[in-house]
Amino acid sequence: MDVTAIIEPLNEAQREAVTAPSRPVLVLAGAGSGKTRVLVHRIAWLIRIEGISPQRLLAVTFTNKAAAEMRGRIESLLDFPTRQFWIGTFHGLSHRLLRTHAEAAGLPSSFQIMDSEDQLRLIRRLLRSLEIDESEWAPKEVQWFINAQKDEGLRSKHVDDQGNAGRRQLIDLYARYETVCADSGLVDFAELLLRATELLQQHSDLREHYQSRFMHILVDEFQDTNAIQYHWLKLLAGRSSVPFVVGDDDQSIYRWRGARVENLQSFQRDFSDPLVVRLEQNYRSTGTILDAANAVIANNSERLGKNLWTDGDAGDSIKLYAAFNERDEAEFVVNRIADFIASGMRRSEVAVLYRSNAQSRVFEEALLIAGLPYRVYGGMRFFERAEVKDALAYLRLIANRDDDPSFERIVNVPTRGIGARTVDVVRQTARAMGVSLWRAAAAVISEERITKRSATSLLAFLRLIEQLDEATRSMSLAEQVEHVIHASGLIDHHKNDKLAGESRVENLQELVSAAQGFVADEDSELPPLVEFLSYAVLESGDTQAEDYEDSVQLMTLHSAKGLEFPVVFVCGLEDGLFPHQRSASDAAGLEEERRLCYVGLTRARQQVFLTYAEQRRLYGRDHYGTPSRFLREVPQELLEEVRPALKVSRPVYRRPSIDKAEASGVRLGQRVRHGKFGEGVVLNSEGNGAHARVQVNFERAGTKWLVLAYASLELM
DNA sequence: TACTATTTAATTTTT
DNA sequence: TTAAATAGTA
């Protein structure tokens, strides 16, 4: 392979990035500007032209999907296996480091990973054992707190209580949580990163080893990195590695889970003399779509600045539909989809995007009526299904008896006469003795702390696990799984269930297939089972098994990031829904919503439809919203309002134009001042014209409904 | 222990 | 509205 094959398909900016000399590179890659191509070609360039050994490259992504795609594209471009080459997610690579250096990291060699659900269960159990009322501390909040600290790189001992008693308790819970995890040999997702970072920080020999090994470190979606990930990168890069990061500040939509766009700026400060390349030529969308997206995002401040352009056609105008209510909205969308399909388009070429998952329902119903197959993104993944997790819990307990969450999960699944009282005694004993539930169970039996009958049941459970371990020791992984799902009684348990039993049994059998298809690392000294269990957590599988049927794509704006479709519907464009009410109170939140809108628009290749509903049923109540402010940010000349053919069934309703809604000036989240009640925030509004009313939450006077025409509110 | 009634809370998501 | 979690009952 010569230079031309790598360079030929690139434009000038892409070429500049791909062929950059050995110095830090920051690629600001706009939507649809070929960022994956740049990463893949950069790697090809480094290997083929610079002659760098693949072992000396590290490529990091956020999702397994992105990692797999990159791997695939490198293989097809270079026609060369990428086995020895480190491409993976932050979590996957951290996991690899921790497995390789478990001892140095202070972890048992057979440590296991908890997913968020496991983590939440563990926290719930912790709160219960401390007799902390869940109404005082919602387990979710505690979980959020702990993860947020870890994402910032902080251990419980590092967190400042700021003289706040509530915070002090959270920190205390964090500390106890750390102890429980350590005792059970469990590691949560954030812990993978934090622990790996500490490993590199505390062991200079390892740090230097990896720093000199990885000559080049490539990072995808850099705007999504959080504090610990950035720290991780800096440690791995050291002084000698050359970082090559690709990101887009305008597509940063994960600030709420710790992502720091500022890392883009920090990068320019922390790495000397970086080359900054902007990819602004877009190969995806029509000129009209790009103009609209550029105009919307221009309302954000503190951008690094970018303007997408295309040398393609302007294309069709953007269509706007003002629906009467959410059902009318869905009907409109589905009718349009039917038109597109009638004109020869495939169903999978159309995507319906919305802000929150709850919105999918109405679209699903309408698609069902129209007989159009669809696929909803998100939801339960294979390895997250309850029955699959039960089976995995058996396997985890076989691999590690101290795994308390797994013990709790299956001690009485299927029911074997071990009731809540028995488990309670075991829990208390475990706590008093400072040992795992497994050891405590043995003690409870020998010390006769429970009834004879309970003791028999509990002993039978302990024997079962021991037997499963012994019986499967010489088996292959798949045989092992097969044996466990039968001998544990799980299969029979679900067979008895008439309702959902059949699919559960199928899923358990699917787990055997997954084990069969799992290729364990040849070099690893760990049992394949331990590796498989980690794989199951880190790569929890697809939301749905590949459905081969051509179907309309339904998803949230968040999950649409990185995808593209010829036709895109962005729905529910109402203030309060999109931008979401809960992001409306501060400027940063609003800007993130706007970026989300930008992401939505730039998913489309040919045609964008924007819709909003004047009336929307949410949580059983009708809401009368104003059209989203983002609609007003799309230049009028790019928009074409679509009106439905008049229908008899439709109530006669004066549809306020967007401009009129703007004229009222009162929007959700808007701060207002009232002569008598003082200052407050607009929570809700309904009606129009002289009847328009708004609900305002006043700081001093509480929540009130006011008629706009009389209240004379002052906008702030 | 399993089923039923009641309460509660409700962006966005990957690992 | 509705789904999920919890509390109460047979």
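A brief structural summary. (Residues numbered from 1 in each chain as written. Chains lettered and ligands numbered in written order. Predicted model: local features only at pLDDT ≥ 70, side-chain atom pairs only at ≥ 80, totals over all residues. Heavy atoms only, no water.)

1. Concerning the sheet that holds strand β7 (residues 242–247)
As a general point, the strands of a sheet are linked pairwise by backbone hydrogen bonds and lie either parallel or antiparallel.
Piece 1. Pairing in this open sheet of 6 strands is parallel, and the strands run β3-β2-β6-β7-β1-β8 from one edge to the other. A strand with exactly one partner marks an edge of an open sheet, and here the two such strands are β3 (86–89) and β8 (275–279). Strand-to-strand twist across the sheet, computed as the mean angle between neighbouring axes with direction ignored, equals 15°.
Piece 2. Contacting β2 (57–61) and β3, helix α4 (residues 64–78) crosses the sheet at an angle of about 155° to β3. (Pairing = 2+ DSSP bridges. Helix = DSSP H or I, 4+ residues; strand = E, 2+ residues; numbered from the N terminus. Axes fitted to C-alpha atoms, helices over the stretch in contact; angles between N-to-C directions. Contact = heavy atoms within 4.5 Å.)

2. Section: the side chain of R396
Piece 1. You can see R396 is positioned in helix α16 (residues 386–399).
Piece 2. One polar contact links R396 to D403, side chain to side chain, over a distance of 3.1 Å.
Piece 3. For R396, the contacting residues outside a window of four places in its chain are Q112, I113, M114, D118, L186, D403, S406, L533 and V537. (Polar contact = N/O pair within 3.5 Å; in protein donor to acceptor, adjacent residues only side chain to side chain.)

3. Observations concerning the protein's contact with DNA strand B
Piece 1. For DNA strand B, the set of nearby residues contains 27 residues, the closest of which are N64, S116, R355, T556 and S583.
Piece 2. One of the side-chain nitrogen or oxygen atoms of S116 is found 2.7 Å away from a base oxygen of DNA strand B.
Piece 3. N412 places a side-chain nitrogen or oxygen 3.3 Å from a phosphate oxygen of DNA strand B.
Piece 4. Of the residues in the surface near DNA strand B, the class split is 6 nonpolar, 16 polar and 5 charged. (Near = heavy atom within 4 Å. Nonpolar A, V, L, I, M, F, W, Y, C, P; charged D, E, K, R; others polar.)

4. Quick notes on the side chain of S540
Piece 1. Positionally, S540 belongs in the loop between α24 (528–538) and β12 (552–556).
Piece 2. Classification of S540 as buried rests on a relative accessible area of 10%.
Piece 3. Within polar-contact distance, the side chain of S540 engages the side chain of R381 at 2.5 Å.
Piece 4. Apart from residues lying up to four places away in sequence, S540 is in contact with R381, F382, F383 and E384. (Buried < 20%, exposed > 50% of the residue type's maximum accessible area, 1.4 Å probe, protein only.)

5. Regarding unusual backbone geometry
Note: most residues except glycine have negative phi, and most peptide bonds are trans.
Piece 1. In this structure, the amide linkage connecting V413 to the following residue, P414, adopts the cis form with an omega of -5°.
Piece 2. For P414, the location among the structural elements is in the loop between α17 (404–410) and α18 (420–433).
Piece 3. The linkage connecting F578 with the following residue, P579, adopts the cis geometry, with an omega of 5°.
Piece 4. Here P579 shows up in the loop between β13 (565–570) and α26 (587–601).
Piece 5. The backbone of D79 shows a phi angle near 55°, a positive value even though the residue is not glycine.
Piece 6. Structurally, D79 is set in the loop between α4 and β3.

6. Let's talk about the nonpolar core
Piece 1. Core analysis: the largest hydrophobic core is formed by 58 residues, its most contacted members being I217 and W232.
Piece 2. Discounting chain neighbours no more than four positions away, the residues touching I217 are L58, V60, L233, L236, A237, S241, V242, P243 and F244.
Piece 3. Ranked by size, the runner-up nonpolar core spans 48 residues in total, among them F383, W438, A455 and A536. (Core = buried A, V, L, I, M, F, W, Y, C linked by side-chain atoms within 4.5 Å.)

7. With respect to the packing of helix α5 (residues 90–100) against α24
Piece 1. Relative to each other, α5 and α24 sit at 155°, their axes nearing to 11 Å. By the angle between their axes, α5 is roughly antiparallel relative to α24. Considering the relative orientation of α5 and α24, their crossing is right-handed. Residues H91, G92, H95 and R99 of α5 form the contact with α24, whose own contacting residues are V530, S534 and L538.
Piece 2. Residues that form the contact of α5 with α24 fall into these classes: 2 nonpolar, 4 polar and 1 charged. (Parallel < 35°, antiparallel > 145°, perpendicular 65-115°, else oblique. Left-handed = near helix turned anticlockwise from the far one by under 90°.)

It is worth stressing that arrangement in space is one thing and function is another; only the former is reported here.
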